[in-house]
Number of protein chains: 2
Amino acid sequence: LLNSSPDVGQLRTQIAKRDRQALARLLTWIEAGDPQADAAELQLEEGCTPEAYVVGITGAPGAGKSTLVNALVSTLRNRGSSMGVIAVDPSSPYTGGAMLGDRVRMVEHLTDEHVFIRSMANRGQLGGLAEAVPRAVRAMQSFGFDWILVETVGVGQVEVDIAKAADSIIVVVPPGSGDDIQASKSGILEVADLFVVNKADCVGAEDMKRAIIAALKMNPNYEIGWSAPVVLAVASTGDVADVIESLDRHRSHASDSGELVQRRRRRRIAEWRSDVIRQILQRTNSDLDSPDLDSLRDQVAASAVSPAAAARAFLDGEPGRLY
Amino acid sequence: LLNSSPDVGQLRTQIAKRDRQALARLLTWIEAGDPQADAAELQLEEGCTPEAYVVGITGAPGAGKSTLVNALVSTLRNRGSSMGVIAVDPSSPYTGGAMLGDRVRMVEHLTDEHVFIRSMANRGQLGGLAEAVPRAVRAMQSFGFDWILVETVGVGQVEVDIAKAADSIIVVVPPGSGDDIQASKSGILEVADLFVVNKADCVGAEDMKRAIIAALKMNPNYEIGWSAPVVLAVASTGDVADVIESLDRHRSHASDSGELVQRRRRRRIAEWRSDVIRQILQRTNSDLDSPDLDSLRDQVAASAVSPAAAARAFLDGEPGRLY
């Protein structure tokens, strides 16, 4: 049924031709929770393109994440890589172009055909960003990018969950005492593969670095396997060579140790589950709205049937039994 | 199947006999998302008891909500009413007795057979408190209480959602400038039926009252229908006669205007829907864990099948088609 939509049918061909508008349309469908996205995703064949390397960049507002992302994009482009960038702002009521207006530094990349930049806000009806972002990553993937950078604002649970879906996770912090890093309960310390103390030309950068290392050392597993390095940077100068060097090191480590394969396996399973659950919720909500249930709904409203009994009847597929 | 559990079978009889341990057990099942709760809820016949009047009490930490609830319990008890009290603390890792230890003032009511006090924390696997609380209210309902008081800590979206499931909503605020009330985006101003400025013997109570009224007047519908009164109180003295008087007035208004009937109709429909969705999610998660899907899961993990295609196969009930 859904596959019969001409829009959906064209999409695969268009994306294979690197049609940016087709990718933009698919991302809009994903963001809006449009069922056309599900049909389109089935059209994107797996294995056509090598898997992009996904980097999550997160940190509190004001840490300079956008500046860092911009510098990473420039540096990776100079190495000849192509990339997709997803900027996530859960609190923004805007999407796409509206938000990019603020990202003055990103403007230089907007006309580069090897860079695709997309902002995502929380517009989906169900589930929200934590599930839309991995789908957007996979959609960008089908475009054959070498890298995909996902920038999230904040260090709360949602942002940590989004960042966890990356191959390498960079946590950006501004100079300071480091008290808030240690007090954070969202697990940001545990998920970071690499810390960047940005604005390192300001007072407090070394203090912050020391505080992060001290906090990391409280983990009994510190220095077993990969220990997240803490890199000082001044992203606004554009010189992020040390960050890239650490990122490359983490990538090699993850690849050699088998950790990368494991992360990607877990990620695919999680995507499958969340895909199933999202579609089941969509279907159930639409079934619950059906006019066929008007009578049952009235009985529930009027206390003639308990909510629990009406739920049972619905689940048993025999709502008629009760009225 | 579930009905065959002897525990579930006994529950209805025990609750009809006002067995407090049976009610406590049902609340524990609800809190833990135990499927036995669903079976038990079907046993609790509707209409056996007159509907309790449900009061939601919410407000930021430090506003003195517990003191107010305690004073309301004492005053309503003196009028001869029985009541259930649910104290919700989403952030607390504890439940039941553990949290009650902190509620020193509540201790006087613990041995009163006409008062049943229960703390709830966020222990459920799925959905969490916003759906467990209405179920707990309904379970307490079956005990035949005159009133049910639901205390939530905080003025965020979850707390507002929980409070919305009440017949009357009291928002408790401490003295102050009122800036935070006006800045609140969670809709607390819109849902409040009654404001209590507690600790009114401290500086700033009149300022807060004025700020709340000014904020309320920015709503173009102010003074159409019910206008939430702002009552000054010193709950620690136990004198909450003014609060009770305003509460009684709101109850009469809601009852006479038909608003109470409408709220309860909406609440029952919402409970039905959330009951269906919770059980469908439980079932789906358990289906996704099934060993029957081991092979499909391996294919997804190994990139042989895309998450979207595997989701499609699962939803079509033919996961075998893909492997």
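Residues numbered from 1 in each chain as written. Chains lettered and ligands numbered in written order. Predicted model: local features only at pLDDT ≥ 70, side-chain atom pairs only at ≥ 80, totals over all residues. Heavy atoms only, no water.

## A word on the overall build of chain A
Item 1. Tallying secondary structure elements over chain A gives 14 helices and 7 strands in all.
Item 2. Residue burial in chain A is summarised as follows: out of 323 residues, 52% are buried.
Item 3. Considering only residue pairs separated by 6 or more positions, chain A has 76% of its internal contacts joining residues 24 or more positions apart.
Item 4. On chain A, roughly 14300 Å² of surface is accessible, and the fraction owed to carbon and sulfur atoms is 50%. (Helix = DSSP H or I, 4+ residues; strand = E, 2+ residues; numbered from the N terminus. Buried < 20%, exposed > 50% of the residue type's maximum accessible area, 1.4 Å probe, protein only. Contact = heavy atoms within 4.5 Å. Areas by Shrake-Rupley, 256 points an atom, 1.4 Å probe, with all protein chains shown as cover.)

## Description of the pattern of salt bridges
Item 1. Per the stated rule, a full pass over the model turns up 42 salt bridges over all chains.
Item 2. The salt bridge involving Glu259 of chain B is made with Arg263 of chain B; its shortest N-O contact spans 3.2 Å. Placement of both Glu259 of chain B and Arg263 of chain B in helix α12 (residues 259-288) is noted, with a separation of 4 residues, approximately one turn of the helix.
Item 3. Of the residues examined, Glu259 of chain B reaches a relative accessible area of 29% and is grouped as partly exposed.
Item 4. We classify Arg263 of chain B as buried; its relative accessible area is 14%.
Item 5. We note a salt bridge from Arg266 of chain B to Glu259 of chain B, for which the minimum N-O separation is 3.7 Å.
Item 6. Bridged by salt links that share partners, the residues Asp38, Glu41, Glu131, Arg135, Asp275 and Arg278 of chain A form one connected network. (Salt bridge = Lys/Arg side-chain N within 4 Å of Asp/Glu carboxyl O.)

## Examining the packing of helix α12 (residues 259-288) of chain A against helix α14 (residues 307-315) of chain B
Item 1. Look at α12 of chain A against α14 of chain B: their axes get within 8 Å of each other, and the N-to-C directions meet at 45°. Classified by the angle their axes make, α12 of chain A and α14 of chain B are oblique. At the point where α12 of chain A passes α14 of chain B, the crossing takes the right-handed sense. On α14 of chain B, the residues touching Arg268, Glu271, Trp272, Asp275, Val276, Gln279, Ile280 and Arg283 of chain A of α12 of chain A are Pro307, Ala308, Ala310, Ala311, Arg312, Phe314 and Leu315 of chain B.
Item 2. Looking at the contact of α12 of chain A with α14 of chain B residue by residue, the class counts come to 9 nonpolar, 1 polar and 5 charged. (Axes fitted to C-alpha atoms, helices over the stretch in contact; angles between N-to-C directions. Parallel < 35°, antiparallel > 145°, perpendicular 65-115°, else oblique. Left-handed = near helix turned anticlockwise from the far one by under 90°. Nonpolar A, V, L, I, M, F, W, Y, C, P; charged D, E, K, R; others polar.)

## A short note on helix α2 (residues 20-32) of chain A
Residues and elements named next belong to chain A.
Item 1. For α2, spanning 13 residues, the distance from its first C-alpha to its last is 18 Å, which sits close to the expected 18 Å at 1.5 Å a residue.
Item 2. The complete set of buried residues in α2 reads Ala22, Leu23, Leu26, Leu27, Trp29, Ile30 and Glu31.
Item 3. Capping the start of α2, Asp19 holds a side-chain oxygen 2.9 Å from the backbone nitrogen of Gln21, two or three residues further along. (Expected span 1.5 Å × (residues − 1). Polar contact = N/O pair within 3.5 Å; in protein donor to acceptor, adjacent residues only side chain to side chain.)

## Focus on the confidence of the model for chain A
All names here are of chain A.
Item 1. Averaged over all residues, the pLDDT of chain A equals 84, while 85% of them reach at least 70.
Item 2. Here residues 92-102 is modelled with pLDDT under 50, and outside its nearest four sequence neighbours on either side it reaches 17 contacts, counting other chains as well.
Item 3. Reported confidences for the modelled complex are a pTM of 0.79 and an ipTM of 0.82. (pLDDT = per-residue confidence, 0-100.)

## Examining the relation of the copies chain A and chain B
Item 1. The two copies are related by a screw operation: chain A maps onto chain B through 180° of rotation and 0.0 Å of translation along the axis, at an RMSD of 0.1 Å. Between the two chains, the operation in question is that of a two-fold axis.
Item 2. When the interface residues of chain A are mapped onto chain B, 100% of them again fall at the interface, so both copies present the same face. (Least-squares fit on C-alpha atoms with pLDDT ≥ 70 in both.)

## Here's the deal with the interface of chain A and chain B
Item 1. If you look at the interface, chain A gives 39 residues, while chain B gives 39 residues.
Item 2. Summed over the shared surface of chain A and chain B, the result is 2 salt bridges.
Item 3. Across the pair Arg273 of chain B and Asp289 of chain A runs a salt bridge whose closest N-O atoms are separated by 2.8 Å.
Item 4. Summed over the shared surface of chain A and chain B, the number is 14 residue pairs in polar contact (both at pLDDT 80 or more).
Item 5. For the side of chain A that touches chain B, the elements supplying multiple residues, two or more each, are α3 (35-43), α12, α13 (294-301) and α14 (307-315) of chain A.

## Here we look at the side chain of Thr284 of chain A
Item 1. Mapped onto the elements of the fold, Thr284 of chain A is located in helix α12.
Item 2. Ignoring sequence-local partners within four residues, the contact set of Thr284 of chain A consists of Phe314 of chain A together with Val276, Ile277 and Ile280 of chain B.

## A word on the sheet that holds strand β2 (residues 83-89) of chain B
Residues and elements named next belong to chain B.
Item 1. Across the sheet, 7 strands lie side by side as β3-β2-β4-β1-β5-β6-β7; this open sheet has parallel pairing. Both outer strands of the open sheet, β3 (115-121) and β7 (230-232), are each paired with one neighbouring strand and no more. Each adjacent strand pair in this sheet contributes to an overall mean axis angle of 20°, direction not counted.
Item 2. Of the pairings in the sheet, the one linking strand β1 (residues 53-59) to strand β5 (residues 168-173) comprises 4 bridges and is parallel in character. Pairing of Ile57 across the sheet is with Ile170, part of β5. (Pairing = 2+ DSSP bridges.)

## Re the sheet that holds strand β2 (residues 83-89) of chain A
All names here are of chain A.
Item 1. Spatially, the 7 strands line up as an open sheet ordered β3-β2-β4-β1-β5-β6-β7, and their pairing is parallel. Each of the sheet's edge strands pairs with one partner strand only, and the pair in question is β3 (115-121) and β7 (230-232). With strand direction ignored, the average angle separating the axes of adjacent strands in the sheet is 20°.
Item 2. Summarising the sheet, strand β6 (residues 194-197) and β7 pair through 3 bridges and their orientation is parallel. Bridge assignment links Val196 to a residue of β7, and that residue is Val231.

## Examining the packing of aromatic side chains
Item 1. Throughout the structure, instances matching the rule amount to 8 aromatic pairs over all chains.
Item 2. Centre to centre, the rings of Phe116 of chain A and Phe143 of chain A are 6.3 Å apart; their planes meet at 55°, and the pair counts as tilted. Of this pair, Phe116 of chain A sits in strand β3 while Phe143 of chain A is found in the loop between α6 (129-141) and β4 (147-153), placing the two residues 27 residues apart along the sequence. For the pair formed by Phe116 of chain A and Phe143 of chain A, the shared burial category is buried.
Item 3. Measuring from centroid to centroid gives 6.5 Å for Trp272 of chain A and Phe314 of chain B, while their planes differ by 85°, and the two rings are edge-to-face. With one member in each of two chains, Trp272 of chain A in helix α12 and Phe314 of chain B in helix α14 form a pair that bridges those chains. As far as the burial class goes, Trp272 of chain A and Phe314 of chain B line up, both buried.
Item 4. Taken together, the aromatic side chains of Phe116, Phe143 and Phe145 of chain A make up a single cluster linked through ring pairs.
Item 5. Here the guanidinium or amino end of Arg18 of chain A rests over the ring plane of Phe143 of chain A, the centre of that ring lying 5.7 Å away.
Item 6. The aromatic ring of Trp147 of chain B is capped on one face by Arg251 of chain B, whose charged end is 5.0 Å from the ring centroid. (Phe/Tyr/Trp six-rings, centres within 6.5 Å; stacked < 30°, edge-to-face > 60°. Lys NZ or Arg CZ within 6 Å of the ring centre and 35° of its normal.)

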